[in-house]
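Here are the chains, one letter per residue:
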Amino acid sequence: MDIFLIIAIIVALSILLITSIYLLVYYQHPDDHNDAYAPKLIVMLGFCLAGWTVLMFPIDVANNEGYPGCAGYDTRFCGGLNMTGMWNAVFWMIPIWTFILIPFATFYYESDDGMLMAGTAYDPNPVKRSRIGQALCYQLFVLIIVGLIFLVTYLTLSDTEIPVESYVATQSISSMISSQVYTISGSGNFSITELQDMNSNDSKYYNSVSDNGEETITLQVSVSTFFAGLMAWLGWWLFALFGGIGLAALPLDMILAFVNRPRHLDAVEFAEAQMSLRERVNELVDIGEMIKIERDQKATAGIQTSGWSFDTDSRKAARDERQALLGFKQAVYLLEQDVEDFQAMSANYENYNPLVPFISLICGLCAAIMSIFWFLHIFVFIVPDPPLAPFLNNYFKWFDQWFPLFGVLSVALFVVYLLFCAVKGCFKFGIRFMFFQIHPMKIGKTYMSSFMFNIALVLLCALPVVQFSQEAFSDYAAFSEIRQIYGVQVQNLKFFSRFWTKNVFIFMFLAFFLLTGVYLACRPRDKAANPEALRDRLRAHKQK
């Protein structure tokens with residue numbers, strides 16, 4: 001067993017654990033300091049699981065257990081780790097975290113025990129409810145739906161149809177076998193150096209073999225392998241959207257953080273900025289009051305606007321109210337960002353670290369280079385059939401020739417970068433189009449619900465990232481175990497194979513990347529929702 005790989009695993013897990021603890025302590029909201037211990041543990045382990053999933057790919061590449069010689073006759077390049085068992089464990093743990101632990105922790109964290117408004121006009125006679133009971137009821141519903149989907153899809157779509165080339169020989173091989181004599185060393189251990197060169201019989205038999213065309217071998221994959229394929233297929237819909245957006249948005253936002261860095265204001269600029277912020281605060285306070293009054297009136301009248309309704313007007317009213325609320329939250333978030341920048345340029349100017357924007361610029365330039373490399377690699381190696389050039393595969397192999405650690409670290413860097421792009425893309429999409437509630441990670445202001453949302457997103461995108469990476473680096477990762485799982489078994493699963501072989505998700509990923517690049521080139525800065533439009537929408541909704 002390779003000691004280097006053991007040390008690499010210990011170091012990787014230690015870094016993931018320390019980072020997860022640091023993020024929890026540094027980013028959590030003060031309200032959660034002495035509360036929500038179970039969600040914190042789930043978030044911490046979920047972060048480690050997501051990070052470990054993508055870091056297993058470079059470790060698997062370095063392990064080389066897919067090399068035929070690892071069966072026993074040539075183990076010089078083999079790490080000796082059971083990567084198949086590790087991957088199967090990950091394939092089980094991701095659905096457990098995504099569909100059981102995180103949903104239950106979220107339901108429990110956000111449930112109401114009935115005592116919050118006890119003794120007030122809203123709830124003068126409260127009835128205490130069990131938060132665990134409420135969370136279990138919601139979780140049971142989720143388990144039934146998810147369990148049925150997994151069961152039905154496994155029973156109907158778990159066969160993989162692997163194409164193989166068939167060859168036939170016009171001459172019997174028995175005469176050749178009887179004439180071959182191999183001498184094994186006295187130690188009893190076979191070595192490839194003891195294989196003899198081809199003789200006349202070998203050449204004669206080789207010339208008698210002809211290609212019989214392509215055949216298909218149909219096998220049923222294991223439950224864990226099917227979970228890997230199904231979770232990757234589900235996650236691809238998110239990763240193609242958010243990953244493509246983030247691939248363009250992540251470097252641009254880092255560079256803009258330097259361009260728009262806080263600068264010292266003179267008296268006139270200070271007064272204008274202060275007046276602008278004051279007006280925005282007053283507008284959002286008015287809108288917030290309107291939302292609160294409308295909710296109070298509906299609560300008093302017993303009107304329920306959330307949930308599904310068969311009435312078209314009710315659904316439209318609920319959708320309009322939700323859009324107005326999302327626009328309000330987006331405007332508040334951007335206002336908070338501007339207030340922090342204003343404070344950095346005025347009251348906190350002396351305490352502001354001037355190196356932060358330059359670090360952001362350097363990281364943004366590095367991210368831009370990586371995004372360009374990913375874009376070029378997709379067009380040069382993944383999309384064409386056959387590939388035009390190995391591109392990044394040759395770069396990794398070149399590094400391995402003189403120091404293998406750099407090649408593995410480079411693969412890890414490119415793979416982890418895709419996860420950061422997915423998280424960035426989700427936030428950018430939410431803040432620009434307001435289709436769902438955003439969950440930004442803010443230092444000292446992040447609730448556990450936002451932690452769990454982001455961890456669930458990362459876990460859902462982890463397997464698509466691994467599948468995409470093994471396809472992108474198939475030359476470099478030819479002897480990895482994950483290549484045998486995703487590149488052979490999952491690649492040829494019934495129904496799912498159409499998406500993999502036709503590069504449907506790859507083209508979606510590229511399309512979102514290009515569209516985002518063009519869109520952000522025209523509108524690089526995030527703009528808050530128009531307060532007048534929000535106010536008009538709420539008034540129109542109230543009149544209805």
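About the criteria used
- Residues numbered from 1 in each chain as written.
- Predicted model: local features only at pLDDT ≥ 70, side-chain atom pairs only at ≥ 80, totals over all residues.
- Heavy atoms only, no water.
- Helix = DSSP H or I, 4+ residues; strand = E, 2+ residues; numbered from the N terminus.
- Buried < 20%, exposed > 50% of the residue type's maximum accessible area, 1.4 Å probe, protein only.
- Areas by Shrake-Rupley, 256 points an atom, 1.4 Å probe, with all protein chains shown as cover.
- Expected span 1.5 Å × (residues − 1).
- Contact = heavy atoms within 4.5 Å.
- Core = buried A, V, L, I, M, F, W, Y, C linked by side-chain atoms within 4.5 Å.
- Salt bridge = Lys/Arg side-chain N within 4 Å of Asp/Glu carboxyl O.
- Phe/Tyr/Trp six-rings, centres within 6.5 Å; stacked < 30°, edge-to-face > 60°.

A. Structural context of the overall build of the protein chain. Each helix and strand in the protein chain was counted, giving 17 helices and two strands. By residue count, 41% of the 544 residues in the protein chain fall in the buried class. In the form shown here, the protein chain has an accessible surface area of approximately 29700 Å², with 64% of it arising from carbon and sulfur atoms.

B. Expanded view of helix H1 (residues 3-27). The end-to-end C-alpha distance of H1, which contains 25 residues, comes to 36 Å, matching closely the 36 Å that a straight helix rising 1.5 Å per residue would cover. Of the positions making up H1, those classed as buried are Leu5, Ile9, Ala12, Leu16, Ser20, Leu24 and Tyr27. The secondary structure elements touched by the buried residues of H1 are helix H2 (37-63), helix H3 (83-110) and helix H13 (448-472).

C. The arrangement of the nonpolar core in detail. Membership of the largest hydrophobic core comes to 105 residues, with the highest contact counts inside it found for Phe226, Phe239, Trp374, Phe468, Phe473 and Tyr486. Tyr486 has contacts with Phe91, Ala228, Ala232, Leu463, Val466, Gln467, Gln470 and Gln491, leaving out every residue within four places of it along the chain. Counting 10 residues, the second largest nonpolar core, distinct from the first, contains Leu277, Ile291, Ala331 and Leu335.

D. Inspection of the pattern of salt bridges at higher detail. Following the criterion strictly, the structure yields four salt bridges and no others. Across the pair Lys424 and Asp253 runs a salt bridge whose closest N-O atoms are separated by 2.7 Å. With Lys424 in helix H12 (residues 404-433) and Asp253 in helix H7 (residues 223-259), the pair connects residues that are 171 residues apart, well separated along the chain. The two residues Lys424 and Asp253 agree in class, both being buried. One salt-bridge network, in which partners are shared between bridges, spans Asp253, Lys424 and Lys428.

E. The packing of aromatic side chains, seen in detail. Scanning the entire structure with this criterion turns up 40 aromatic pairs. With a centroid separation of 5.0 Å and 70 degrees between ring planes, the pair formed by Trp92 and Phe227 is classed as edge-to-face. Taken together, the residues span a long stretch of sequence, with Trp92 in helix H3 and Phe227 in helix H7 at a distance of 135 residues. Overall, the relative accessible area of 40% leaves Trp92 in the partly exposed class. Exposure remark for Phe227: the relative accessible area of 12% places this residue in the buried category.

F. Region of interest: unusual backbone geometry. That bond from Asp385 to Pro386 is cis: its omega, 5 degrees, falls within 30 degrees of zero. Mapped onto the fold, Pro386 is located in the loop between helix H10 (355-382) and helix H11 (392-402). Positive phi, normally seen in glycine, also occurs at Asn503, with a value near 55 degrees. When you line up the elements, Asn503 lands in the loop between helix H15 (497-501) and helix H16 (504-522).

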